[in-house]
Structure formats: structure tokens, C-alpha cells
Amino acid sequence: MKKFYYTLLALFFMLPACTKTDIVPFTPETDNQLLEYKIVNVQGSPIYGAINQQDSSITVYLPFYLQLITLEPEMKVSDGATVTPVSGTMIEDLLDLFHKGREIKYNVKGKGGKVKTYTLHIQVQQPDLILQEVSTDAANPNTYSLNMNLDFDSFSFGLDGAGFAADLDMIRVMLVDEQNKEYGPLNISTFNTTDLTRLDFTVIRYKEQSDPILAMLPAEGLYRIRVYSYAKVATTKNPIRINLLNKK
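Residues numbered from 1 in each chain as written. Predicted model: local features only at pLDDT ≥ 70, side-chain atom pairs only at ≥ 80, totals over all residues. Heavy atoms only, no water.

*Asks:* Would you take a moment to explain a nonpolar patch on the surface for this structure?
*Replies:* Together, Phe152, Ile204 and Tyr206 make up a nonpolar patch on the protein surface, roughly 280 Å² of accessible area in all. Position of Tyr206 relative to the elements: it lies in strand 15 (residues 198-206). (Patch = residues over 30% accessible without salt bridge, like charges linked within 9 Å, V, L, I, M, F, W, Y side chains within 5 Å. Areas by Shrake-Rupley, 256 points an atom, 1.4 Å probe, with all protein chains shown as cover. Salt bridge = Lys/Arg side-chain N within 4 Å of Asp/Glu carboxyl O. Helix = DSSP H or I, 4+ residues; strand = E, 2+ residues; numbered from the N terminus.)

Spelled out as C-alpha cells, the structure:
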């Protein structure tokens, strides 16, 4: 009898533990879905976007080395649905999108007339942009002066850092005043394309050929330096001082 009892007890403990099973309700596919999103204006295989139907988002990861400034997307939608903007509509001026930000949305209209709106998010796989300070002491900023009464005068300074794009067309440098107003862009006078660690600037006053930024700046001001390098942006913490002598 004892043997039978211990056998039953052993079988009891050998039974698998009961677990709770969550039942996810089946959600039928609607007729207004975006099913595929890909960028095709690249060499080789297209870049596919990740579509999230729950939050109606599309995420595209762009390799930094491509440095695309336009995108050509192709899309597939539910049978009988339409999408606006239509498949193949170019996304232009990516630099402006990165620097200023703007939403790109796609409206998918199903056969029944319902519209689902998707938002595009572009993630660039780009190294961080790091700037070294031009003025090492915020309380005593480097000062650059230029005499507006002279036919010719100029000042120059350099900015060291890391993460600069290899193409100057992908870089924009602005002066930013204490109210966060931007002036520029500054002309980049020289650029080391071998190690990409320094930007040099020269602002020139020469009669009618003067640098346009001279007309924008007040006679005196403190400015931080802001660099837009493709999809990244960074701003120095310490300002520089610019004095435009005899400016009316």
C-alpha cells in the first residue's frame, strides 16, 4: 500500500506546472495598410523601411556613407488601396529636413474609403559630431575684429572636431547669438580632407566683394558656433566675440 502511495505522489510532482496562456485576439488585416516601403535610388539592393502597423510609422535606416540628399521610395499597399503621395514621389532636400525638421506622411485609402496615415522617420547611422571649443574660457572669449572703414580687412579662426562630413556641401556652419538667432552660413576657407578634423574660416571685408555675413551681424556680439554635418548638429558651449569696428 505504501509503495502505491509513493508512486502516486511521485507522479503528482512529475506533472507539468500549469501556466496561464494569454490569448491575443485576432485582428483582421484592414484594406488600407502600407505593406512595403523601400528606397530604390541606391546601388545594389534597396533599403527597406520597417513598418509598424500599431503606431502607423515607417522607419528607414540610412547608412552614413551614402550621404543621400534625395530619396526615391517605392511602396506597396493593400489590394485596391491608394497611397498619397504616390509611390515614386521623390523626397528632396534631405539636408533641410535634417536641419529644420519637417514631417513626411503617407495617407493610405482603402476600398471602403477609410484612410490610415503613416509617418516616416529617417535614422542616419552617423557618428557623433564633436566640436572642440575655440574659446577655452567662457568668461574671456576669443575676440575677432574687423574695421569696416578699410577697403580690405579680415579675421580668421579654426574649429577642430570629429564627425565632419567629407563633402563640404554636406556641412553648414552658423554663428548663434545669445538669443539663439543664427547668422550665416560662414564660408569654409580650408578643409583637411585627409583626417576631417578641422574647419577653417576667413571673413573678408573688400569693397563690393565683402563676405555677406558682415551685413547680417551687428557691430558687436557674442556668438557660439553651430555646425550642421549631414544629419548631425553640434554647437560650441563657449562663445567667441566679433567686433565690426565703425559699422553704422
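*Asks:* Would you take a moment to explain unusual backbone geometry for this structure?
*Replies:* A negative phi angle is the norm for most residues apart from glycine, just as the trans form is the norm for most peptide bonds. Of note, the bond from Thr84 into Pro85 is cis; its omega dihedral lies within 30 degrees of zero at -5 degrees. Note that Pro85 resides in the loop between strand 6 (82-84) and helix 2 (94-100). Omega for the peptide link from Gly184 to Pro185 comes to 10 degrees, which places this bond in the cis form. Looking at the element boundaries, Pro185 is found in the loop between strand 13 (182-183) and strand 14 (188-191). One non-glycine residue, Ser56, lies in positive phi territory at about 55 degrees. The residue Ser56 is located in the loop between strand 3 (50-52) and strand 4 (57-63) in this model. Assessed through its relative accessible area of 14%, Ser56 is described here as buried. Backbone geometry places Asn180, a non-glycine residue, at a positive phi of 70 degrees. Take Asn180: its relative accessible area is 43%, and that puts it in the partly exposed class. (Buried < 20%, exposed > 50% of the residue type's maximum accessible area, 1.4 Å probe, protein only.)

*Asks:* I keep staring at the sheet that holds strand 1 (residues 34-39) and nothing clicks. Help me out?
*Replies:* Neighbouring strands of a sheet are bound in pairs by backbone hydrogen bonds; such pairs are parallel or else antiparallel. Taking strand neighbours across the sheet as the criterion, the 3 strands line up as 2-1-5 in an open arrangement whose pairing is antiparallel. This sheet does not close on itself; its edge strands, each paired only once, are strand 2 (47-48) and strand 5 (73-77). Inspection of the sheet shows strand 1 paired to strand 2 by 2 bridges, in the antiparallel sense. Residue pairing in the sheet places Lys38 in a bridge with Tyr48 of strand 2. (Pairing = 2+ DSSP bridges.)

*Asks:* What's the story with the pattern of salt bridges in this structure? I'm lost.
*Replies:* Think of it this way: side chains of opposite charge can pair up when their charged atoms draw near. Inspection of every chain in the model, using the stated rule, returns 10 salt bridges. Asp128 serves as the salt-bridge partner of Lys232, at 3.4 Å between the closest nitrogen and oxygen. With Lys232 in strand 17 (residues 232-235) and Asp128 in the loop between strand 8 (115-125) and strand 9 (130-131), the pair connects residues that are 104 residues apart, well separated along the chain. Classification of Asp128 as exposed rests on a relative accessible area of 55%. A single network of salt bridges, built from pairs that share partners, joins Glu36, Lys38 and Lys76.

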